[in-house]
Amino acid sequence: MDGGFYLLVVIGLVSLGAVNSVHGQGTRVGFYSSTCPRAESIVRSTVESHLNSDLTLAAGLLRMHFHDCFVQGCDGSVLVDGNNTEKSAVPNLALRGFEVIDDAKTQLEAACPNVVSCADILALAARDSVVLSGGVSWQVPTGRRDGVVSRNSDVNKLPGPTDSVDLQKQKFAALGLDTKDLVTLVGGHTIGTTSCGLLSIRLYNFTETNGPDPTIDPSFLPQLQALCPQNGGASKRVPLDNGSQTKFDTSYFNNVKKGRGILQSDQALWTDPSTKALVQRYSLGLTFNVDFGNSMVKMSNIGVKTGSEGEIRKKCSAFN
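Everything quoted here is computed from the prediction, not taken from an experiment.

## Overview of helix H4 (residues 98–111)
At step 1: An ideal rise of 1.5 Å per residue puts 20 Å on 14 residues; H4 measures up with 20 Å between its terminal C-alpha atoms.
At step 2: Where the residues of H4 are buried, they touch helix H2 (39–53), helix H3 (57–69) and helix H5 (118–132).

## As for the nonpolar core
At step 1: Residues Met64, Leu79, Ile101, Phe292 and Met299 are the most contacted members of the largest nonpolar core, which totals 67 residues.
At step 2: Counting residues domain by domain, this core receives three or more from each of domain 1 (38–154) and domain 2 (165–299).
At step 3: Counting 13 residues, the second largest nonpolar core, distinct from the first, contains Tyr204, Ile216, Leu221 and Val238.

## A short note on helix H11 (residues 264–271)
At step 1: The buried fraction of H11 is high, at six of eight residues.
At step 2: Among all positions of H11, only Ser265, Asp266, Gln267, Ala268, Leu269 and Trp270 are buried.
At step 3: The inward-facing, buried residues of H11 contact helix H6 (165–173), helix H7 (179–186), helix H8 (200–204), helix H10 (251–257) and helix H12 (273–283).

## Quick word on a nonpolar patch on the surface
At step 1: Among the surface-exposed residues, Val148, Val149 and Phe319 lie close enough to one another that they form a single nonpolar patch of about 220 Å² accessible area.
At step 2: Topologically, Val149 is positioned in the loop between H5 and H6.

## Some points on the packing of H3 against H4
At step 1: For the pair H3 and H4, interaxial distance at closest approach is 9 Å and the crossing angle is 80°. Taken together, the axes of H3 and H4 are roughly perpendicular relative to one another. Taking contact as the criterion, the partners of Leu57, Leu61 and Met64 in H3 are, on H4, Phe98, Glu99, Val100 and Ile101.
At step 2: Among the residues making up the contact of H3 with H4, the classes are represented as six nonpolar, no polar and one charged.

## Thoughts on the side chain of Asn301
At step 1: Among the structural elements, Asn301 can be located in the segment after helix H13 (288–299).
At step 2: The exposure class assigned to Asn301 is buried, which follows from its relative accessible area of 6%.
At step 3: A polar contact of 2.7 Å, which involves the side chain of Asn301, links it to the side chain of Thr27.

## A word on the state of the cysteines
At step 1: Summed over all chains, the structure comprises four disulfides.
At step 2: Sulfur-sulfur distance for the disulfide between Cys118 and Cys316 comes to 2.1 Å. Across the S-S bond linking Cys118 and Cys316, the dihedral sits near -95°, which makes this disulfide left-handed. Taken together, the residues Cys118 in helix H5 and Cys316 in the segment after H13 connect sequence positions 198 residues apart. As far as the burial class goes, Cys118 and Cys316 line up, both buried.
At step 3: Sequence-ordered numbering of the disulfide-bonded cysteines in the protein chain gives the connectivity 1-4, 2-3, 5-8, 6-7.

## A short note on the packing of aromatic side chains
At step 1: Here the structure, examined in full by the defined rule, presents 12 aromatic pairs.
At step 2: Geometrically, the ring pair formed by Phe31 and Tyr32 is edge-to-face, given 5.0 Å between the ring centres and 90° between the ring planes.
At step 3: When its relative accessible area of 28% is taken as the criterion, Phe31 is described as partly exposed.
At step 4: Between Phe66 and Phe172, the ring centres sit 6.1 Å apart and the planes meet at 50°, which makes this aromatic pair tilted. Of this pair, Phe66 sits in helix H3 while Phe172 sits in helix H6, and the two are 106 residues apart along the sequence. There is no split in this pair, since Phe66 and Phe172 are both buried.
At step 5: Taken together, the ring pairs in this structure connect Trp138, Phe248, Tyr252, Phe253, Tyr282, Phe288 and Phe292 into an aromatic cluster.
At step 6: Taking NZ or CZ as reference, Lys87 lies 4.1 Å from the ring centre of Phe98, over its face.
At step 7: We note Lys276 situated over the ring of Trp270; from NZ or CZ to the ring centre the distance is 4.6 Å.

## Digging into the domain arrangement of the protein chain
At step 1: What the domain assignment reports for the protein chain is domain 1 (38–154) and domain 2 (165–299).
At step 2: Listed per partner, the contact involves 19 residues of domain 1 and 18 residues of domain 2.
At step 3: Between domain 1 and domain 2 the total buried area reaches about 1500 Å² when both faces are included, carbon and sulfur atoms providing 80% of it.
At step 4: Between domain 1 and domain 2 we count one residue pair in polar contact (both at pLDDT 80 or more) in total.
At step 5: At the level of secondary structure, the elements contributing two or more residues to the side of domain 1 that touches domain 2 comprise H3 and H5.

Scoring rules and cut-offs
- Residues numbered from 1 in each chain as written.
- Predicted model: local features only at pLDDT ≥ 70, side-chain atom pairs only at ≥ 80, totals over all residues.
- Heavy atoms only, no water.
- Helix = DSSP H or I, 4+ residues; strand = E, 2+ residues; numbered from the N terminus.
- Expected span 1.5 Å × (residues − 1).
- Contact = heavy atoms within 4.5 Å.
- Core = buried A, V, L, I, M, F, W, Y, C linked by side-chain atoms within 4.5 Å.
- Buried < 20%, exposed > 50% of the residue type's maximum accessible area, 1.4 Å probe, protein only.
- Domains from an automatic or database assignment.
- Patch = residues over 30% accessible without salt bridge, like charges linked within 9 Å, V, L, I, M, F, W, Y side chains within 5 Å.
- Areas by Shrake-Rupley, 256 points an atom, 1.4 Å probe, with all protein chains shown as cover.
- Salt bridge = Lys/Arg side-chain N within 4 Å of Asp/Glu carboxyl O.
- Axes fitted to C-alpha atoms, helices over the stretch in contact; angles between N-to-C directions.
- Parallel < 35°, antiparallel > 145°, perpendicular 65-115°, else oblique.
- Nonpolar A, V, L, I, M, F, W, Y, C, P; charged D, E, K, R; others polar.
- Polar contact = N/O pair within 3.5 Å; in protein donor to acceptor, adjacent residues only side chain to side chain.
- Disulfide = S-S within 2.5 Å.
- Phe/Tyr/Trp six-rings, centres within 6.5 Å; stacked < 30°, edge-to-face > 60°.
- Lys NZ or Arg CZ within 6 Å of the ring centre and 35° of its normal.
- Buried area = accessible area lost by both parts, 1.4 Å probe.

The following block contains the structure:
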């Protein structure tokens, strides 16, 4: 991310947009200011400590928040252990960073017992992960309570790596998110990796060609095939943002423009007329940081439990 995007005015715009977009949602910025004043600082210091040891956890925490919100709403249901919970579903088996949330919860229970929800810890940790990876901050509205339902059968609501843009838009729209939110939030793929197993069809057996996906940059194809050989290596990892997998910046969009989007669903954002202009805009660095903060706030208010709904879990991995 260019240094110019760290201007205070940008941070201010992100914060303003975050505040304005949460009215009527039941959450608010500073929810714990009197009941647990150190809540946000405890979460941030915990995330920072873990990321200092392993920066790749940042992408895991961001993705975990996304996967949480898209299923039962942002209620921490993805954190619950069990054979038939969301965590056990195939799309969530590669999620990472649960130990960070558990660590933060332990510290918060010591400081403010039965006050801070696991759902809020996850929302704050996602924001802190972006900031600690070089992204711009935004204010996170808090006040979520933890859900009491977690079913692996509900995880089919998540967008998939081979989804068309139309299908992605349908899944986002079902949760109140528009096309701009879609492109913006998928920009979170600027950090993290995916498995070769999700990429192999594009490299060798694409439906339309019985060979490589023609939208892949021909000069990039040999590099991907070397990383993901045709026979074996399905569990090997590939950066979603080639050359910048641990830095939160706009290079992801430049890669998509060049035919270097890793997932089929990502590359489709450049070939579809309804999303191409936004990819172009963000590739130039224009407004992405402001838009990402605003879309994250919007997403983080999907299906929230507030007031007397749900519970405040004592342990994030188990219902009370």
